[in-house]
Amino acid sequence: DNSVKVENYSKTKLQAMVFPNPIDEHFTIAIHSPVKDYAYFQMYDAQGNTVISSPKLSLRAGNNYIEFNEGELLEKGIYLLRILTSKEVVVIKIIK
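These numbers come from a predicted model, not from an experiment.

Visitor: Sorry, what's going on with the pairing of strand S4 (residues 50-53) here?
Guide: Regular strands place side chains that alternate from one sheet face to the opposite one. Pairing of strand S3 (residues 37-44) with S4 involves 3 bridges; the strand directions are antiparallel. Note that in S4 the partner of Met-43 across the bridge is Ile-52. Joining the antiparallel neighbours S3 and S4 is a turn of 5 residues, in which Gly-48 adopts a positive phi near 90°.

Visitor: Explanation requested: the packing of aromatic side chains in the structure shown.
Guide: In this description, a pair of aromatic rings is defined by centroid distance and the angle of the planes. Per the counting criterion, the structure on display carries 3 aromatic pairs. With a centroid separation of 5.4 Å and 10° between ring planes, the pair formed by Phe-27 and Phe-68 is classed as stacked. Here Phe-27 is found in strand S2 (residues 27-33), whereas its partner Phe-68 is found in strand S6 (residues 62-68), with 41 residues between them in sequence. Each member of the pair, Phe-27 as well as Phe-68, carries the same accessibility label: buried.

Visitor: Mind showing me how you'd approach the nonpolar core here?
Guide: Across soluble globular proteins, nonpolar side chains have a tendency to be buried as a group. Formed by 20 residues in total, the largest nonpolar core has its most connected members in Leu-81 and Ile-83. When contributions to this core are tallied by element, the ones reaching two or more residues are S2, S3, S6, strand S7 (78-85) and strand S8 (89-95). What Ile-83 contacts, discounting residues up to four positions off in sequence, is Leu-14, Ala-16, Ile-29, Ile-31, Ala-39, Tyr-40, Phe-41, Glu-88, Val-89, Val-90 and Ile-92.

The rules behind the values
Residues numbered from 1 in each chain as written. Predicted model: local features only at pLDDT ≥ 70, side-chain atom pairs only at ≥ 80, totals over all residues. Heavy atoms only, no water. Pairing = 2+ DSSP bridges. Helix = DSSP H or I, 4+ residues; strand = E, 2+ residues; numbered from the N terminus. Phe/Tyr/Trp six-rings, centres within 6.5 Å; stacked < 30°, edge-to-face > 60°. Buried < 20%, exposed > 50% of the residue type's maximum accessible area, 1.4 Å probe, protein only. Core = buried A, V, L, I, M, F, W, Y, C linked by side-chain atoms within 4.5 Å. Contact = heavy atoms within 4.5 Å.

This is how it looks when you write it as structure tokens:
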């Protein structure tokens, strides 16, 4: 028998949210990761300019909370937060 069995080891996907949203001066990114991983964060304004980016951050399996204090630097508007891990990309719409 030359059949190959493929198993999906990642039973759940990365889940993320930002609170509060709309954001103020301080906001938190909550991430539930099914496995230990790393992540990069980039926030873009409506024109596609990067306004916040992070270095490589470690994620543990389970709940992770990353706090940002850069909210006062942002103008009122709509932003996209891109979370990139080794396995997937999540984009969250943020309002200020």
